[in-house]
Amino acid sequence: MPIRLLDERVIGKIAAGEVIERPASALKELVENSLDAGATTISVAIHKGGTGLIQVVDNGSGIPAAELPLALQRHATSKLTTWDDIQRISSLGFRGEALPSIAAVSDFSLRSRTADASVGTDLDVVYGVARPPRPAAAVHGTRVTVRDLFGNVPARRKFLRQAGTETTIMVRSIAAYALARPDVSFQVTVDDRRSFATDGRGDEIAAAVAIWGTEIGPAAIALPELDAAGAVPGVMVAGWIGLPEITRSHRNSLLFFVNGRWVQNRTLIFALEEAYHSLLMVGRHPVGVVRIQLDPAMVDVNVHPTKAEVKFVDERSVARAVSRAAHRGLSEARPNEVPEVHLRDSSGNSSQQSNRPLEFRPSTGERVWGASPLGDGAGLSPRPFEPSDRDVAELPVPGVRSTAATSAQPEPGSDVAFTPRPVPVLRVLGQVNGTYIIAEGPDGMFMIDQHAAHERVMYERILADMQGKRIDRQPFLDPMIVELTHQQFGAFERSTAELEAIGFQIDEFGPQTVAIRAMPAMMRGVNIGDRLRLILDELAEGGTGESWLDAVAISAACHTSIRAGQALSLAEMRELVAQLEQTDQPRACGHGRPTMLHLSQGELERQFSRR
Ligand code: ADP
Ligand code: MG
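This is a predicted model, so every value here is computed, not measured. (Residues numbered from 1 in each chain as written. Chains lettered and ligands numbered in written order. Predicted model: local features only at pLDDT ≥ 70, side-chain atom pairs only at ≥ 80, totals over all residues. Heavy atoms only, no water.)

Caption draft 1: Looking closely at the overall build of the protein chain. When helices and strands are counted, the protein chain shows 17 helices and 23 strands. Expressed as a percentage of the 611 residues in the protein chain, the buried residues total 50%. Relative to all contacts within the protein chain whose residues are 6 or more apart in sequence, the contacts with residues 24 or more apart total 69%. (Helix = DSSP H or I, 4+ residues; strand = E, 2+ residues; numbered from the N terminus. Buried < 20%, exposed > 50% of the residue type's maximum accessible area, 1.4 Å probe, protein only. Contact = heavy atoms within 4.5 Å.)

And the structure:
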């Protein structure tokens, strides 16, 4: 074939392949454009994994009607004129390639109106062929509608993953911007259902809670500003990171932004994880949103077609700044890494010194510890101490281990070392708050979290059944039909085989709907429809565990266990404690939270000033 210049449309399709790899890349470019246009609200709608529809509506500056056709030409941008501008670029876009690339491979429509225009303009481009612009009634801002993405590039379509997976990737990328820009309100719907919404009021933790869930709130540590001694000149680090309790098995929930641009950078990840060092279990990763500001001249943003990577002039110093900020944040948040029982005096203030006896108030109940079983857990009032809501404390209690060290082996010299089993035989006394079982052991008192304990029991039974290949299934006469959100459905698709392995039988029943045909017999008695959603929510978040099978087992055990706040009879509590004693690792639930706290005889005596 003789050498020929390619025609515009072919060039467009080839170039589009570089910039627009998958629906999420198109969406990312559109959201970046909205942010560059100064939008304060951005609404995103996704249908069918992005191949049906991607629509982004913003209230930004809009594009003047006269410039509209230009916006759709390759290398047309309002953000840069000279090469030097790239060195100082503060906008997210600069290549002028996104809109023409998307328009080359979709049924594309742009509607925009600037603040001073009385009317808006529509411009349609069908697989690279532009129609003449026409006036349209429009509100101030820009709306981009992308239908049938890759409809003219069947090869690219074939490489896309299942719609649910593409959607997850898309939602993740908008979520990233929503996390980095809490001052912008994002509304995201997937197949006409709300995925998440942020309020745009500027609170980054509130944005994280809206996107990643309420557990983030109390566990987020704002990265502190470093003082002159600790600061790395020219590099500012802000944002937040999570306490080591809320780790993930993946790194999708750890985001870095450099001058507002979401970037992937292994050096920064390692710098941050290093700050956690021993606080993270192997294979676990922190969550957080780290925003780095530095002189634009110190970073090259033009090294990657989708701008996902950047090059730092001095990467080491950026890494150092991240690691120092994280380290400082963590050590301020937790002066003591070990979860311990927190004793308070009767005024509710924390006791400051571990060996200072608590203020004594005479008890009205004349009960003696361990003298007789207390059927209802009463007789402890007025309570001279109480475990705090959070496990952070000043008073070390032997035998209570950190979540980071939940091995079955007793610590040398610990109070339980005398028994071959890691948990001594316990005598149940009662229940507190419908949540904690109080028991007496050979050395003092044990407080057991009934949910965590049951979770551990269920988890080990699931594992034992799987190993022994004797899974006891309980089939349903009529399948239970459960409707799922797209995230839950995505997690289901990913976990079907594992759910089957632990004793479920669940089939796809319709779009985002499943039919539960059988459940593990050991989970009898729980409303499995509701619990399945909780299991899938957790798995959609990444789950916890050595393997995916493990993550599914842990989550299933957790969400089918007795809950906190459920009153138990003495017999039920005894049964549960007996089962817990039989487990291999009775001291932590599958998620690594402690199942029990111990207040030793010696500690009790110290607190009551008996010695
Ligand atoms: P780039 O963002 O690299 O400049 P794009 O192809 O993404 O290139 O966009 C081309 C131009 O269209 C932008 O420079 C901007 O002027 C204009 N534009 C695109 N999207 C918007 C929007 N949502 N609001 C205002 N202007 C926009
Ligand atoms: Mg752009």
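Caption draft 2: Structural view of the pattern of salt bridges. Following the criterion strictly, the structure yields 19 salt bridges and no others. A salt bridge links Arg-193 to Glu-483, with the shortest nitrogen-to-oxygen separation between them at 3.2 Å. Linking Arg-193 in strand β9 (residues 193–197) with Glu-483 in strand β20 (residues 473–483), this pair joins segments that are 290 residues apart in sequence. We classify Arg-193 as partly exposed; its relative accessible area is 37%. According to the relative accessible area criterion, Glu-483 is partly exposed, its value standing at 46%. (Salt bridge = Lys/Arg side-chain N within 4 Å of Asp/Glu carboxyl O.)

Caption draft 3: Inspection of the nonpolar core at higher detail. Counting residues in hydrophobic clusters, the biggest one holds 92 residues, and the most contacted among them are Phe-108, Phe-186, Phe-256 and Ile-292. With 9 residues, helix α7 (residues 163–180) is the largest single contributor of residues to this core. Once you skip the residues sitting within four places of it in the chain, Ile-292 turns out to touch Val-235, Met-236, Phe-256, Phe-257, Val-258, Asn-259, Leu-268, Val-318 and Val-322. Membership of the second largest hydrophobic core comes to 30 residues, among which are Phe-504, Ile-528, Ile-554 and Ala-557. (Core = buried A, V, L, I, M, F, W, Y, C linked by side-chain atoms within 4.5 Å.)

Caption draft 4: The state of the cysteines, seen in detail. A complete count under the given rule lists 0 disulfides for this structure. Between Cys-558, a free cysteine, and Cys-589, which holds the nearest cysteine sulfur, the sulfur-to-sulfur gap is 6.9 Å. (Disulfide = S-S within 2.5 Å.)

Caption draft 5: A look at the packing of aromatic side chains. Tallied over the entire structure, the rule returns 3 aromatic pairs. Here the aromatic rings of Tyr-177 and Phe-257 are separated by 6.3 Å at their centres, their planes lie at 65°, and the arrangement is edge-to-face. Of this pair, Tyr-177 sits in helix α7 while Phe-257 sits in strand β12 (residues 254–258); the two residues are 80 residues apart in sequence, bridging distant segments of the chain. Relative to Trp-240, the ring of Trp-212 lies with its centre 6.1 Å away and its plane at 75°, an arrangement referred to as edge-to-face. Taken together, the residues Trp-212 in helix α8 (residues 204–212) and Trp-240 in strand β11 (residues 235–242) connect sequence positions 28 residues apart. Residue classification places Trp-240 among the buried residues on the basis of a relative accessible area of 1%. Positioned above the aromatic ring of Trp-548, the side-chain terminus of Arg-494 is 3.6 Å from the ring centre. (Phe/Tyr/Trp six-rings, centres within 6.5 Å; stacked < 30°, edge-to-face > 60°. Lys NZ or Arg CZ within 6 Å of the ring centre and 35° of its normal.)

Caption draft 6: Main features of helix α2 (residues 23–36). With 14 residues, α2 should reach 20 Å at 1.5 Å per residue; the first-to-last C-alpha distance of 20 Å fits that figure. Across the 14 residues that make up α2, a large majority, 12, are buried. All buried positions along α2 are accounted for by Pro-23, Ala-24, Ser-25, Ala-26, Leu-27, Lys-28, Glu-29, Leu-30, Val-31, Glu-32, Ser-34 and Leu-35. (Expected span 1.5 Å × (residues − 1).)

Caption draft 7: Region of interest: the sheet that holds strand β17 (residues 427–432). Strands sit in the order β17-β18-β19-β23 across an open sheet of 4 strands; the sheet is antiparallel. The sheet terminates laterally at β17 and β23 (596–599), the two strands that pair on one side only. Taking the axes of each pair of neighbouring strands and ignoring which way they run, one obtains an average angle of 25° across the sheet. Taken strand by strand, helix α12 (residues 450–467) contacts β17, β18 (436–441) and β19 (444–449), and its axis lies near 75° from that of β19. On the sheet, helix α16 (residues 570–581) packs against β17, β18, β19 and β23 and is oriented at approximately 120° with respect to β17. (Pairing = 2+ DSSP bridges. Axes fitted to C-alpha atoms, helices over the stretch in contact; angles between N-to-C directions.)

Caption draft 8: How the structure looks around the environment of Ala-138. Within the secondary structure, Ala-138 is located in the loop between β6 (134–136) and β7 (141–147). A residue is classified by how much of its surface remains accessible, and Ala-138, at 15% relative accessible area, is buried. Leaving out residues up to four positions away in the same chain, Ala-138 has contacts with Arg-111, Arg-113 and Gly-120.

Caption draft 9: Quick peek at the environment of Arg-473. As for its placement among the helices and strands, Arg-473 is situated in strand β20. Note: C-alpha distance between Arg-473 and Gly-503 (30 residues apart in sequence) is 5.6 Å. Here Arg-473 is in contact with Glu-500, Gly-503, Phe-504, Ala-518, Met-519 and Ala-521, once residues within four sequence places are set aside. Polar side-chain contacts of Arg-473 include one of 2.9 Å to the backbone oxygen of Glu-500. At a separation of 3.5 Å, a polar atom in the side chain of Arg-473 contacts the main-chain carbonyl oxygen of Gly-503. (Polar contact = N/O pair within 3.5 Å; in protein donor to acceptor, adjacent residues only side chain to side chain.)

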